[in-house]
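# Residue-level structure breakdown
The chain contents come next:
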Amino acid sequence: MAEVILDRVNKQYENGFHAVKDLDLDIADGEFLVLVGPSGCGKSTALRMVAGLEDITSGTLKIGDRVVNTLSPRDRDIAMVFQSYALYPHMTVADNISYGLKIRRMEKAEIDRRVKKAAEMLELGALLDRRPKQLSGGQRQRVAMGRAIVREPQVFLMDEPLSNLDAKLRVQMRAEIAQVQHDLNVTTIYVTHDQTEAMTMGDRVALMKAGVLQQVGNPQFLYDNPDNIFVAGFIGSPPMNMALAQVERDGDDLVVVLGRSRLPLPAAARSERPGLDAYAGRQVAVGIRSEDMEDARLVRGADERSRLRATVSLIEALGSQIMVHFLLDAPRVVTEDTKLLDKDAHAEEAPKHDATKFVASFAPRSRVRAGDEVEVVVDTERMHFFDPTTGDAIR
Amino acid sequence: MAATDTLPATTGDETVVRLGGAQGGWFRQVGWRHLVGLLALAFSLFPILFVVSAAVNPLGTLSSSELVPTGASFENFRKLFVDTAFPTWFLNSMVIGLLAAALSMFVSACAAFAFSRYRFRGRRAGLLGILLVQMFPQFLLIVALYIMFAYVSDLWPAVGFNTRTGLLLLYLGGALGTNTWLMKGFFDTIPKDLDESAKVDGATHAQVFFGLILPLVTPILAVTGLLGFISAVNEFLIASVFLTDDDAKTAAVGLYGLVSEERNNNFGVFAAGALVLAVPTVALFQFLQRYIVGGLTAGAVKG
């Protein structure tokens with residue numbers, strides 16, 4: 001076990017492509033860090049640099065007390081789980097798991113002990129004599145995990161290990177990997193493009209975009225305090241609703257003009273974001289999480305002014321909540337970040353520029369139906385504000 | 001798979017299951033395939049029958065009109081082994097053929113591994129160069145090689161004219177190009193994740209190559225080995241220039257010597273020699289056949 005420290009690590013390919021830019025990360029001993037981001041953001045490259053499968057162009061990489069920049073993968077004392085599992089097809093499960101130990105000329109008895117222990121942990125006991133070809137996807141995934149576990153390395157590296165599994169199995173393996181990591185308490189770097197995995201598995205989440213680290217912190221902190229539009233849009237499902245609004249002064253107070261509505265900004269929210277005063281009279285990007293909206297009929301004594309009015313276009317009943325889709329009459333936020341997010345989500349361009357799709361999550365008691373006119377109460381204290389040009393959070 | 005075993009009449013091989021139905025239907029669906037198969041068989045067996053017939057023909061002529069000639073005997077085989085240096089020639093052919101096959105397999109595998117797995121300056125140029133060199137016919141080489149080996153024979157006779165080693169070297173060089181390309185294509189189909197996984201597991205380059213990649217490319221190794229053996233045993237042009245001593249000749253050169261002087265007379269012996277020479281090739285093919293099966297890499301990665 002060891003800490004992993006990346007200090008201004010860069011990766012630039014010979015063709016000039018700058019895959020990772022000045023990456024700084026301190027990963028504590030035993031921590032589960034999730035590197036997340038859309039495809040092509042450099043997260044896998046970063047992981048492969050830690051593994052030693054890619055050269056580091058500049059910067060320092062430390063595992064434990066050692067600078068390992070120039071060490072080969074075999075000397076770094078790491079174990080890696082690949083997206084494709086990369087099981088050796090001509091070997092049995094037992095041989096696959098013990099390969100790394102045999103190559104290090106470990107004693108036979110110790111190898112057997114470790115393989116047995118790992119097989120027990122991952123419930124692979126009955127499969128040890130099979131070949132990878134004879135295993136299901138989930139079983140192959142377990143073998144790949146077993147191969148990493150028996151090494152008892154200082155660091156686990158996992159490169160999208162669950163993305164080849166079907167949805168149900170993914171949820172199950174997600175919990176299993178988190179459990180195994182917790183039991184073994186081995187420093188782990190886990191790469192994924194799935195924000196749900198990032199939120200549920202990581203002690204901390206590091207979000208990358210185009211080779212640059214955007215924000216790192218515990219998942220809930222990132223969810224509640226996104227540093228910029230990209231983080232806000234990437235973390236959370238459904239993604240944060242965002243629209244352009246105008247900040248105006250109303251006497252001593254600030255009012256957020258969002259479409260037809262004028263939402264008063266509570267004093268608490270304003271004191272938390274002193275920077276907002278400077279935006280009076282200017283445009284901002286407002287972000288509202290779906291759970292911070294509710295059917296006005298269900299909220300007793302809700303402020304008459306803190307409401308959005310719209311026509312419901314679609315209802316998704318999830319049992320525990322109802323996802324209510326509506327079109328808000330405020331312009332969409334369009335920046336490089338939102339374009340990238342749309343592309344990553346394979347979302348189509350919205351038809352109109354002066355309207356924005358919103359998704360609110362109502363309590364199931366709400367009886368709204370598609371086509372209804374609905375009044376939506378917004379928890380104005382929990383609104384997020386971003387500069388529409390830079391994309392940075394206003395604080 | 002059980003499913004394909006019970007499917008009738010789709011593959012046209014011998015295990016076809018005949019289903020009930022109209023009589024004409026069977027021929028249209030299955031029967032014609034047998035007919036085509038028989039035709040192809042007759043076409044390919046004819047020359048072999050012809051050679052067998054000539055080999056047992058005591059007159060040593062090719063113009064016999066019967067399949068089984070009058071007075072058929074093994075006299076030609078006796079002559080071949082007793083009156084000529086064929087045993088030596090045969091041994092030469094086998095030694096050169098097997099060594100050329102094994103060595104070129106190994107050398108090409110090394111080269112293909114490098115070309116497939118590493119990125120280095122000159123990689124593209126090297127690959128193209130190898131391909132380009134292959135495009136020139138061997139005839140062009142002969143003169144240059146002859147002059148080179150004339151010097152080599154003076155300075156270092158052990159690899160000069162009339163030696164197995166010298167000829168072996170030539171064959172290795174000749175086979176390298178095609179085999180490297182063939183193998184590189186196959187190596188490219190082995191996922192790179194496997195190498196990387198092994199490297200992280202602690203394997204060295206050599207361990208990755210011998211322990212992981214080679215076992216996975218056995219089909220192409222078998223193919224190149226077989227091709228290398230066949231081409232070395234059958235090669236005539238270079239061998240005929242380089243081997244002039246009777247003891248140094250390969251079977252191809254030696255047998256040619258039997259028929260080159262007096263036309264028609266020795267064809268019986270020649271045919272007998274050709275048959276004997278075919279035995280090891282067929283045997284090797286039978287032996288390697290089991291390795292020439294694909295699908296070894298299935299299950300390596302999710303698929």
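Residues numbered from 1 in each chain as written. Chains lettered and ligands numbered in written order. Predicted model: local features only at pLDDT ≥ 70, side-chain atom pairs only at ≥ 80, totals over all residues.

Chain B is annotated in an unreviewed UniProt entry as Carbohydrate ABC transporter membrane protein 2, CUT1 family of Asanoa ishikariensis. Regarding chain B, the relevant UniProt record gives this comment under Sequence similarities (unreviewed entry): "Belongs to the binding-protein-dependent transport system permease family. MalFG subfamily." Under Subcellular location (unreviewed entry), UniProt gives the following word-for-word description of chain B: "Cell membrane". (UniProt positions renumbered as here; feature names shortened; annotations may be inferred.)

An unreviewed UniProt entry lists chain A under the name Carbohydrate ABC transporter ATP-binding protein, CUT1 family, with Asanoa ishikariensis as the source organism.

For chain A, the helix and strand inventory stands at 10 helices and 20 strands. Seen through its C-alpha atoms, chain A measures out along the principal axes to roughly 80 × 45 × 35 Å. With 395 residues in all, chain A has 43% of them scored as buried. Taking the contacts inside chain A whose residues are at least 6 apart along the sequence as the reference set, 72% of them involve residues at least 24 apart. (Helix = DSSP H or I, 4+ residues; strand = E, 2+ residues; numbered from the N terminus. Buried ≥ 20, exposed ≤ 12 C-beta atoms within 10 Å, placed from the backbone. Contact = placed C-beta atoms within 7 Å.)

A few words now on helix α6 (residues 138-155) of chain B. The terminal C-alpha atoms of α6 of chain B lie 25 Å apart, and with 18 residues this matches the ideal 26 Å at 1.5 Å per residue to within 8%. The largest bend in α6 of chain B is about 25°, located at A144 of chain B. (Expected span 1.5 Å × (residues − 1). Bend = angle between axes of the 7 residues up to and from the residue.)

Right, let's talk about the nonpolar core for a bit. In this structure, L35, L157, I189 and V286 of chain A are the most contacted members of the largest nonpolar core, which totals 165 residues. In terms of residues, this core owes the most to one element, helix α4 (residues 86-117) of chain B, which gives 12 residues. Those residues in contact with L157 of chain A, other than ones at most four positions away along the chain, are L47, V50, A51, I78, M80 and I189 of chain A. (Core = buried A, V, L, I, M, F, W, Y, C linked by C-beta atoms within 7 Å.)

So, on to the pairing of strand β17 (residues 322-328) of chain A. All names here are of chain A. Note: strand β16 (residues 307-317) against β17, 5 bridges, orientation antiparallel. Across the sheet, the residue bridging to I315 is V324, located in β17. Counted between consecutive antiparallel strands, the loop separating β16 from β17 contains 4 residues, among which G319 sits at a positive phi close to 90°. Of the pairings in the sheet, the one linking β17 to strand β18 (residues 356-362) comprises 7 bridges and is antiparallel in character. Pairing of I322 across the sheet is with F362, part of β18. (Pairing = 2+ DSSP bridges.)

Time to look at the interface of chain B and chain A. Counting residues at the interface gives 21 residues for chain B and 25 residues for chain A. Listing elements by their share of the side of chain B that touches chain A, those giving two or more residues are α8 (192-201) and α9 (205-216) of chain B. Residue composition of the side of chain B that touches chain A, by class: 11 nonpolar, 5 polar and 5 charged. (Nonpolar A, V, L, I, M, F, W, Y, C, P; charged D, E, K, R; others polar.)

Glancing now at the UniProt feature "domain: ABC transporter" (unreviewed entry) in chain A. Following the UniProt record, the feature "domain: ABC transporter" (unreviewed entry) maps to residues 4-235 of chain A here. As annotated, residues 4-235 of chain A comprises 37% helix and 25% strand, and the C-alpha atoms at either end are separated by 24 Å.

A separate point is the sheet that holds strand β15 (residues 293-295) of chain A. Residue and element names in this part refer to chain A. With antiparallel pairing, 5 strands are arranged side by side in an open sheet as β15-β19-β16-β17-β18. Because the sheet does not close on itself, it has two edges, and the strands there are β15 and β18. Mean inter-strand twist for the sheet, computed between neighbouring axes without regard to direction, equals 50°. As paired elements, β16 and strand β19 (residues 373-378) share 5 bridges and run antiparallel to each other. Paired with T311 across the two strands is E373, which belongs to β19. (Axes fitted to C-alpha atoms, helices over the stretch in contact; angles between N-to-C directions.)

This brings us to the packing of helix α4 (residues 137-150) of chain A against helix α5 (residues 167-184) of chain A. All names here are of chain A. Packing of α4 against α5 leaves a shortest axis separation of 11 Å and a crossing angle of 15°. Between α4 and α5, the angle is such that the two are roughly parallel. Classified by chirality, the crossing of α5 by α4 is right-handed. The residues of α5 that touch α4, namely those facing G137, G138, Q141, M145 and I149, are L169, M173, I177, V180 and L184. By residue class, the composition of the contact of α4 with α5 is 7 nonpolar, 3 polar and no charged. (Parallel < 35°, antiparallel > 145°, perpendicular 65-115°, else oblique. Left-handed = near helix turned anticlockwise from the far one by under 90°.)

Where interface size is given, it is often the accessible area lost as the parts come together that is meant. Residues and elements named next belong to chain B. One can read the domain layout of chain B as domain 1 (2-55) and domain 2 (79-289). Counting from both sides, the interface comprises 4 residues of domain 1 and, opposite them, 6 residues of domain 2. In terms of residue class, the side of domain 1 that touches domain 2 is built from 4 nonpolar, no polar and no charged. (Domains from an automatic or database assignment.)

The next point concerns unusual backbone geometry. Residues and elements named next belong to chain A. Of the consecutive residues S237 and P238, the connecting peptide bond is found in the cis state with omega at 0°. Note that P238 resides in the loop between α8 (229-234) and β11 (241-250). Backbone geometry at D22 places phi at a positive 40°, although glycine is not the residue there. With respect to the helices and strands, the residue D22 is situated in strand β2 (residues 18-27). For D22, a count of 15 C-beta atoms within 10 Å puts it in the partly exposed group. Non-glycine residue A210 carries a positive phi angle of around 45°. One can find A210 in the loop between β9 (204-209) and β10 (212-217).

Before going further, it helps to examine the environment of L122 of chain A. Residues and elements named next belong to chain A. For L122, the location among the structural elements is in the loop between α3 (108-121) and α4. What makes L122 buried here is the crowd of 20 C-beta atoms within 10 Å. C-alpha separation for the pair L122 and R332, spaced 210 residues apart in sequence, amounts to 48 Å.

All names here are of chain A. In terms of domain boundaries, chain A breaks down into domain 1 (4-234) and domain 2 (241-386). Distance from the C-alpha centre of domain 1 to the C-alpha centre of domain 2: 37 Å. If you look at the interface, domain 1 gives 9 residues, while domain 2 gives 12 residues. If one sorts the elements of the side of domain 1 that touches domain 2 by residue count, α8 sits on top with 5 residues. Taken together, the residues of the side of domain 1 that touches domain 2 break down into 6 nonpolar, 2 polar and 1 charged.

Residues shown with low pLDDT carry predicted positions that ought not to be read at fine detail. Residues and elements named next belong to chain B. Here chain B averages 83 in pLDDT, and 84% of its residues register 70 or above. Across residues 1-14 the pLDDT falls below 50, and counting only partners more than four positions away or on other chains, this stretch makes 8 contacts in the model. Overall, residues 294-303 carries pLDDT values under 50, and its contacts beyond four positions in sequence, including any with other chains, amount to 34 contacts. Across the interface, the model reports ipTM at 0.85; the global pTM reads 0.82. (pLDDT = per-residue confidence, 0-100.)

This part takes up the UniProt feature "transmembrane region" (unreviewed entry) in chain B. All names here are of chain B. Under the feature "transmembrane region" (unreviewed entry), the UniProt entry names residues 35-56, 89-115, 127-148, 168-187, 208-233 and 267-288. Summarising residues 127-148: 86% helix, 0% strand, and an end-to-end C-alpha distance of 25 Å. Along residues 267-288 the backbone is 100% helical and 0% strand, and the end-to-end C-alpha distance reaches 32 Å.

Moving on, we come to the environment of G202 of chain B. Topologically, G202 of chain B is positioned in the loop between α8 and α9. G202 of chain B sits in the buried class, given 22 other C-beta atoms within 10 Å. What G202 of chain B contacts, discounting residues up to four positions off in sequence, is R74, G100, I103 and R104 of chain A.

As a further point, take the pairing of strand β6 (residues 78-81) of chain A. All names here are of chain A. The side-chain alternation of β6 yields two buried faces, one formed by I78 and M80 and the other by A79 and V81. Looking at chain direction, β6 and strand β7 (residues 155-159) are connected through 4 bridges and run parallel. Counted as the bridge partner of A79 is F156 from β7.

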